[in-house]
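Chain residues, written in single-letter form:
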Amino acid sequence: NQEKYIKELIDYYKARIPDAKFIIYDNESTDKTVEICKENGCKVISFSTGGKMDEKTLINIRNSCWQNVDTKYVLIIDDDEIVDISQELLNNADWNVNKCIGYEMFGESNETLDELHYGVPSLGYSKAVLLNRLEIAKMNFEAGSHKENPVAKEGFTVKYNTNPVALYHTKWRNPENGLGRAHSIAPRVSE
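Computed from a prediction, not measured in an experiment: that's the story for all the values here.

S.K.: Account for the overall build of the protein chain, naming residues and giving values.
M.R.: When its secondary structure is counted, the protein chain shows five helices and eleven strands. Among the 191 residues that make up the protein chain, the fraction classed as buried is 40%. About 10,700 Å² of surface is accessible on the protein chain, with carbon and sulfur atoms providing 51% of the total.

Right, dumping it as structure tokens:
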């Protein structure tokens, strides 16, 4: 249920990687999120967890969703995560797993992504969510992709980036949205 922000998120990545392809995994949105995604050229794959937030299902999706795509680089993120990615970053990559440096971002009202400037470093959101699919066989993500244990394909070795790329966690870009999201998710969290 991200109809308020999903178009901005898609536009953010299209501006940075013009030929980007999007696959959205949607867990039973009840607003216009799916419609907006399809209108903007995204492939949408719907799944159901019976009205619960099932982390095991999400872990399985994160570990498999990128396996059969036809792009070299894959970014595996949630709808409130923004990675400071660029075509230049990908063109000059000397890594096959990019561990992003996480920041928890805070806003005041209805700031756009470009207006969002206040945040604090967050080790919890430092994640390896950008990878070279042609060289990595498995990521072995754990809950929330906060930990990983990548395995390289035959003939390659896992090579992490040496220049950190920022990952901005934007759940609190609007305090009311952050609280509303927390309240809407709370009843769905699995044991």
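Here the narrative resumes, following the displayed structure.
S.K.: Tell me about the pairing of strand β2 (residues 43–46), and name the residues and values.
M.R.: In this sheet, β2 lies alongside strand β1 (residues 23–26) in parallel orientation, the contact comprising four bridges. Each residue of the ladder has a partner; that of I24, found in β2, is V44.

S.K.: So what's going on with the pattern of salt bridges? Residues and values would help.
M.R.: By the definition in use, this model includes six salt bridges. The salt bridge involving R62 is made with D78; its shortest N-O contact spans 3.3 Å. Taken together, the positions of R62 in helix α3 (residues 55–64) and D78 in the loop between β3 (73–75) and β4 (81–83) put the pair 16 residues apart, joining distant regions of the chain. Overall, the relative accessible area of 9% leaves R62 in the buried class. Owing to a relative accessible area of 29%, D78 belongs among the partly exposed residues under this scheme. A salt bridge links K99 to E148; the nearest nitrogen and oxygen atoms lie 3.4 Å apart. Of this pair, K99 sits in strand β5 (residues 97–99) while E148 is found in the loop between β9 (136–138) and β10 (151–152), placing the two residues 49 residues apart along the sequence. Exposure remark for K99: the relative accessible area of 28% places this residue in the partly exposed category. Looking at E148, the relative accessible area reads 15%, which means it is buried. Salt bridges sharing common partners tie together E55, R62 and D78.

S.K.: Tell me about the layout of surface pockets, residues and numbers included.
M.R.: In this structure, the second largest pocket spans a volume of roughly 180 Å³. Lining the second largest pocket are Y12, R16, I82, D84, M105, L113, D114, L116, H117, Y168 and T170. Going through the elements one at a time, α1 (6–16) and β11 (166–172) are the ones with two or more residues in the lining of the second largest pocket. Tallied by class, residues from the lining of the second largest pocket come to six nonpolar, two polar and three charged.

S.K.: Give me the pairing of strand β8 (residues 128–132): which residues, what numbers.
M.R.: Two faces belong to every sheet, and in a regular strand the side chains alternate between them. Within β8, five of the five residues are buried, which leaves it mostly tucked inside the rest of the structure. Judged from the three bridges that link them, β3 and β8 form a sheet pairing that is antiparallel. Each bridged residue has a counterpart across the sheet, and for L75 the counterpart in β8 is L130. Where β5 lies against β8, three bridges are found, and the strand directions are antiparallel.

S.K.: Please provide a residue-by-residue account of the sheet that holds β11, values included.
M.R.: Taken in spatial order, the four strands of this open sheet run β4-β11-β6-β7, and their pairing is mixed. Strands at the two margins of the open sheet, each flanked by one partner only, are β4 and β7 (118–121). The sheet shows a mean angle of 30° between the axes of neighbouring strands, taken without regard to direction. Relative to β11, strand β6 (residues 101–106) is paired through five bridges, and the arrangement is parallel. Across the sheet, the residue bridging to E104 is H169, located in β11.

S.K.: An account of the sheet that holds β5 is needed here, citing residue identities and associated values.
M.R.: The pairing of strands in a sheet comes from backbone hydrogen bonds and takes either a parallel or an antiparallel form. Strand order in the open sheet formed by three strands is β3-β8-β5, with antiparallel pairing between adjacent strands. Where the open sheet ends on each side, the last strands, each with one partner, are β3 and β5. Across the sheet, the mean angle separating the axes of adjacent strands is 20° when strand polarity is ignored.

Basis of the calculations
Residues numbered from 1 in each chain as written. Predicted model: local features only at pLDDT ≥ 70, side-chain atom pairs only at ≥ 80, totals over all residues. Heavy atoms only, no water. Helix = DSSP H or I, 4+ residues; strand = E, 2+ residues; numbered from the N terminus. Buried < 20%, exposed > 50% of the residue type's maximum accessible area, 1.4 Å probe, protein only. Areas by Shrake-Rupley, 256 points an atom, 1.4 Å probe, with all protein chains shown as cover. Pairing = 2+ DSSP bridges. Salt bridge = Lys/Arg side-chain N within 4 Å of Asp/Glu carboxyl O. 1 Å grid on protein atoms, 1.4 Å probe; cavity = no way out; pocket = protein on both sides within 12 Å on 5 of 7 lines; lining within 4 Å. Points joined across faces, edges and corners; volume = space filled by probe spheres on them. Nonpolar A, V, L, I, M, F, W, Y, C, P; charged D, E, K, R; others polar. Axes fitted to C-alpha atoms, helices over the stretch in contact; angles between N-to-C directions.

The values are spatial; any link to function lies outside them.
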